[in-house]
Amino acid sequence: MGRYVVRRLLQMVPVFAGTTFLVFFMAHALGDPVAALFGDRAPDPATAARIRAELHLDEPLGTQYLLHMGGILTGDLGTAFNGRPVTELMAEAFPVTLRLTLVALVMETVVGIALGVAAGLRCGRRADTAVLAATLLLISVPTFVSGHLLQYLLGVEWNLVAPAVPTDASLTDLLLPGLVLALVSLAYVTRLTRASIAENVRTDHVRTAVAKGLPRRRVVTHHLLRNSLVPVVTFLGADLGVLMGGAVVTERIFNIHGVGFQLHQGVLRQNTPTVVGFVTVLVLVFLLANLLVDLLYAVLDPRIRHV
Amino acid sequence: MYDPTSRPGPTVLTVTGPAPGRTPGRGSGRATGGAPGRPRGLWSDAWHDLRRNPVFVVSALMIAFLVVISLWPGLITTHSPYDCDLADSQGGASPGHPFGFTTQGCDVYTRTVHGARASVAVGVCATVGTALLGAAVGGLAGFSGGWADAVLSRIGDVFFGIPVILGGLVLLSVVENGSLWSVVGLIVLLGWPQTARIARGAVITAKQNDYVLAARALGASGPRTLLRHIAPNAVAPVIVVATVSIGTCIALEATLSYIGVGLRPPTVSWGIDISEASDQVRNAPHMLLWPAGALSATVLAFIMLGDAVRDALDPRLRRGGRT
Amino acid sequence: MTTTERTAGATGRRVEDGSGVPLLEVRDLHVEFRTREGVARAVNGVNYSVGAGETLAVLGESGSGKSVTAQAIMGILDTPPGRIPKGEILFRGRDLLKASPEERRKVRGRKIAMIFQDALSSLNPVLSVGYQLGEMFRVHQGLSRKDARARAIELMDRVRIPAAKERVGDYPHQFSGGMRQRIMIAMALALEPDLIIADEPTTALDVTVQAQVMDLLAELQREYDMGLILITHDLGVVAGVADRIAVMYAGRIVETAPVHELYKRPAHPYTQGLLDSVPRLGPAPHPGSGRRELRVIKGLPPDLTRIPSGCAFHPRCPRAREMCRVGEPLLYRVPGERRSACYFWKEVVGD
């Protein structure tokens, strides 16, 4: 186990560096942040030069990147369009997005795995076909469509929930947005779990578990599920990235003042430093989450850790 | 990151990304042909199964229709999507305008039909791009092994580390034009590692086949073994992922356009129209519903196609029992 | 053929004698599977019985229905596609096929246990062997995790796994093939069941390890006085341990006999073919016949969706005559507590 963890951690180092550099590179080398800041107007050369110096844009790219990363690691992300430090915005926005993502993650995991197990155990029967068809439909409706639809139907037409979410959104306020954010992933988790269960249910070791006289429930929870969850856990790690992207959409629809909202504002106001700062932090969270998933993977499957 | 060496995992599509394959444009027309040296059994079997699968037939018909109207939208429309009159703003359905009007007074039906082009183009181009790049890098990594594999895999991890929407926010907000190619470029740039992982796994599996070992033992050169013996056997999983990913790419384009960093007017895109309509849901839901319906149906058609192709090409899942 | 044979298992009971209740009795069991090609009749009227302390070897090629019968006894058939249209499985006189699922579950593991062929795939790869062994005690006897672990170590010692205490937390892939099969045996023995069904327990092992595992199994069986059904296609495995042999072909029993009788004088052409196809050193089985040729049974086992009419073996049988094609032979009584499903058993025995 120890060697596996060390190897994984070592592999992460270049990936961390590479990914953050890539984000930085996309913003600074492929585009011109200063020109973007001014939008369609031609910037005044003096102002442009001042901003360039402020953002260290006159330094070589490598130096710029190091300064940028230094800033992020020391908690200095520059100033947003309204003059407030980006870190301050982040401190406000992050808890909200964290709650939203958590709600979505819990929903897709619990509902997705439950549905997937139910369908996988009935593989080929009517209930299974129904679940498969339903997930197909869910996958086909992009988050921003299902978001507007559910908001319109539940919030406006039927008046079941408040169509917008208050600024200090609590977990219950975030149920509907969380569901919207989770829907597509939920369908994938269901399909993945189903396929995995249907495959594992015919394995020899599950047959052994039955032959041992274990109750059916125990066979499913202790022998079938555990083995079937490995690909699902891997998926959930990668899916966190999708949820982060989806949060931008969901927060816009429900007017939630989270990271996605701030990012969207940053894009609308063409404030590249804000956007890069936020995205870099999100990417770091994503990579860390995937590292965690990898370690979890080794916990779930002992064959990995003894390689 | 997730270690590609560990079991290839069931072929389940991930939402993040687009992935690959040469797109069997409509259906697996190519499956019948099969390049020389390809094991006929798998492909002709798959084609045999596909033709009898109602899911495949329905999705193929839907996709054929989509392709036709995206090439020649004039076939079923008479207006121009830019032919707008503010007097009609948010108007409901009327003769000649079955879907009503947008806020700008444009005909929703015409714009919905014309929107297909951007979606299909981005979906197909991004998928082809991801598939080619991913298969090339992944195939090379799997075939070489050792250091080259480690380096290529880590490079893949780097690009995989940026979720496409977030990458889009960064890249497309600084790139001026918001053209179709910049969206395709973004999806390919951040989407290829997923195909690469699948291609790498498939090549490693194929590499261990006895006849490949035999070919190498008989002195076949590296590149020759890769192209003649390994590639034909590793291509099926890539095609499966590719087919499914067309739908994912289409949804991705619409999402990027929706949040304002994808395609931009005057390009007609469902994402843009939905974004504009979203503020007016209370007053004029039709503005949202039609393009949203068209988008969902399109994604559905490609996902269904992918499902059918996977069922036909993946014997492991076939055994699981299709209804 | 009237010599009284020295039967190895004194407790051996015959299906037909009706005196006392055997431990397990299978009566006229039928099992079929629905497949794409039609209904495959895997088991077509099997009868056999096992007494306490007795070892019954069930011999046959793959597809002869020997494993399916065992799965039906255990109640682990995949249903669907499998189905048991007819038959009885009497365990201590009670028909398991009529028992509720919960009753059957309580018999599994506790009263009847099974050892599978491939221990690597039959053990759960993500759970430690200690956990998998201890689970038997935790589920069936309600033992605590700690006590169950102690019992697991005892069991591992019992099947002579070295350093059991240190290895109890290891995972199946960390053991050698022979050790893994010992763990399977330990798991089957855990609750000291009345009957163990071993389905090709040594087939997946190296030849050198096979004998050790087989000896261990036989020794433990004697010690606990369990009934043992040993399913195999390997005549060599059977000879040393079995009391009686039942030979299966196309889902039916074609011959049953005490083990030495069967080796000496098979009463069915199929058994004869099986014996002739085993290369052996040492004296020929038929004294006076001098060198014996190594022969194989021509043809292939029948397609279970289209079992030949009459005697299912007739297309491959060197003695087949017209009547074999028409009528299905009964299990004829052959002197010496044996039976044969061949019209011409007298000729075969006299060979």
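Residues numbered from 1 in each chain as written. Chains lettered and ligands numbered in written order. Predicted model: local features only at pLDDT ≥ 70, side-chain atom pairs only at ≥ 80, totals over all residues.

### Section: the overall build of chain C
For the record, the criterion: Secondary structure counts use DSSP, requiring at least four H or I residues in a row for a helix and at least two E residues in a row for a strand, with both numbered from the N terminus. Field definition: a residue is buried when 20 or more other C-beta atoms are found within 10 Å of its C-beta, exposed when 12 or fewer are, and partly exposed for counts in between, with C-beta atoms placed from the backbone. What counts as a contact here is a pair of residues whose C-beta atoms, placed from the backbone, lie within 7 Å.
What chain C contains, in helices and strands, is 13 helices and 12 strands. The buried share of chain C, reckoned over its 351 residues, is 47%. Contacts in chain C between residues at least 24 apart in sequence constitute 66% of all its contacts with a sequence separation of at least 6.

### As for the overall build of chain B
What chain B contains, in helices and strands, is 12 helices and 0 strands. Each helix and strand of chain B, placed in order from N terminus to C terminus, yields the pattern α-α-α-α-α-α-α-α-α-α-α-α. Looking at chain B as a whole, 55% of its 323 residues are labelled buried. Sequence separation of 24 or more characterises 74% of the internal contacts of chain B that already satisfy a separation of 6 or more.

### Regarding the sheet that holds strand E9 (residues 244-249) of chain C
All names here are of chain C. Put simply, the rule reads: Here, strands pair whenever DSSP counts at least two bridges between them. A fitted line through C-alpha atoms represents every axis, and for helices the fit uses only the stretch in contact; the resulting angles, taken between N-to-C directions, go from 0 to 180 degrees.
Within the open sheet, the 8 strands sit side by side as E6-E7-E8-E3-E9-E10-E12-E11. Their pairing is mixed. The open sheet has two free edges, formed respectively by strand E6 (112-115) and strand E11 (332-334), since each of these has just one partner strand. Each strand axis lies, on average, 25 degrees off the axis of its neighbour in the sheet, ignoring direction. Packing of helix H1 (residues 66-74) onto the sheet brings it into contact with strand E3 (55-59), E6, strand E7 (195-199), strand E8 (227-232) and E9, and relative to E7 it is tilted by some 145 degrees.

### A few points about the sheet that holds strand E2 (residues 38-50) of chain C
Residues and elements named next belong to chain C. Pairing within the open sheet is antiparallel, and its 4 strands lie in the order E2-E1-E4-E5. Single-partner strands in this sheet number two, and they are E2 and strand E5 (94-95). Examined bridge by bridge, strand E1 (residues 24-35) and strand E4 (residues 82-91) share 7 bridges and lie antiparallel to one another. Bridge pairing links glutamate 25 to leucine 90 in E4. Strands E1, E2 and E4 of the sheet are contacted by H1, whose axis makes an angle of about 110 degrees with E1.

### Quick notes on the interface of chain C and chain A
Our working definition: Residues are sorted three ways: Asp, Glu, Lys and Arg are charged, Ala, Val, Leu, Ile, Met, Phe, Trp, Tyr, Cys and Pro are nonpolar, and all the rest, Gly among them, are polar.
Facing 24 residues of chain C, the contacting portion of chain A comprises 20 residues. Elements that contribute at least two residues to the side of chain C that touches chain A include exactly helix H2 (101-107), helix H3 (119-122) and helix H4 (129-141) of chain C. The element best represented in the side of chain C that touches chain A is H4(C), accounting for 4 residues. Along the lines of polarity and charge, the residues of the side of chain C that touches chain A split into 11 nonpolar, 7 polar and 6 charged.

### Topic: the pairing of E7(C)
Residues and elements named next belong to chain C. What counts, and what does not: A right-handed crossover is one whose linking path, passing over the helix from the first strand to the second, runs clockwise when the strands point away from the viewer.
Most of E7 sits inside the fold, with 5 of its 5 residues counted as buried. Taken together, the 5 bridges between E7 and E8 define a ladder with parallel strand orientation. Following the sheet pairing, alanine 198 is matched in E8 by leucine 230. On the question of chirality, the crossover connecting E7 to the parallel E8 by way of helix H8 (residues 207-224) is right-handed.

### A few points about the environment of Gly156(B)
Residue and element names in this part refer to chain B. Mapped onto the elements of the fold, glycine 156 is located in helix H5 (residues 146-160). Through-space distance from the C-alpha of glycine 156 to that of asparagine 233 is 23 Å; in sequence the pair is 77 residues apart. Ignoring sequence-local partners within four residues, the contact set of glycine 156 consists of Val137, Pro193, Ala196 and Arg197.

### A few points about the interface of chain B and chain A
With 52 residues of chain B at the interface, the matching set in chain A holds 68 residues. Elements with a contribution of two residues or more to the side of chain B that touches chain A: H5, helix H6 (164-174), helix H9 (222-258), helix H10 (270-278) and helix H11 (285-313) of chain B. A total of 10 residues in the side of chain B that touches chain A trace back to one element, the largest contributor, which is H11(B). Of the residues contributing to the side of chain B that touches chain A, the split by class is 33 nonpolar, 14 polar and 5 charged.

### Quick word on the confidence of the model for chain C
Under the convention used in this document: Confidence scores here are pLDDT values: one per residue, from the predictor, ranging 0 to 100.
Per-residue pLDDT for chain C has a mean of 82; in total, 89% of the residues score no lower than 70. Contacts from residues 1-19 of chain C, a stretch scored under 50 in pLDDT, to residues over four places away or in other chains number 37 contacts.

### Here's the deal with the environment of Thr47(A)
Residues and elements named next belong to chain A. Among the structural elements, threonine 47 can be located in helix H3 (residues 45-54). A tally of 12 C-beta atoms within 10 Å means that threonine 47 is categorised as exposed. C-alpha separation for the pair threonine 47 and asparagine 271, spaced 224 residues apart in sequence, amounts to 15 Å.

### Examining helix H7 (residues 177-189) of chain C
Residues spaced three or four apart along an α-helix face the same direction, because each turn holds 3.6 residues. Residue and element names in this part refer to chain C. To keep it simple, the criterion reads: To estimate how far a helix should extend, the number of its residues minus one is multiplied by 1.5 Å.
The terminal C-alpha atoms of H7, which comprises 13 residues, lie 18 Å apart, in line with the 18 Å expected from a rise of 1.5 Å per residue. Burial runs high along H7: 12 of the 13 residues are buried. For H7, every residue scored as buried is listed here: Gly178, Met179, Arg180, Gln181, Arg182, Ile183, Met184, Ile185, Ala186, Met187, Ala188 and Leu189.

### Remarks on the environment of Leu275(C)
Position of Leu275(C) among the secondary structure elements: in helix H11 (residues 269-276). Each C-alpha atom, one on Leu275(C) and one on Arg151(C), is 43 Å from the other, the two residues being 124 residues apart in sequence.

### Describing unusual backbone geometry
Even without a glycine there, the phi angle at Asn255(A) is positive, about 55 degrees. Note on placement: Asn255(A) falls in the loop between helix H10 (216-253) and helix H11 (259-268). Owing to 14 C-beta atoms within 10 Å, Asn255(A) belongs among the partly exposed residues under this scheme. The backbone phi angle of Glu192(C) is positive, close to 45 degrees, even though this residue is not glycine.

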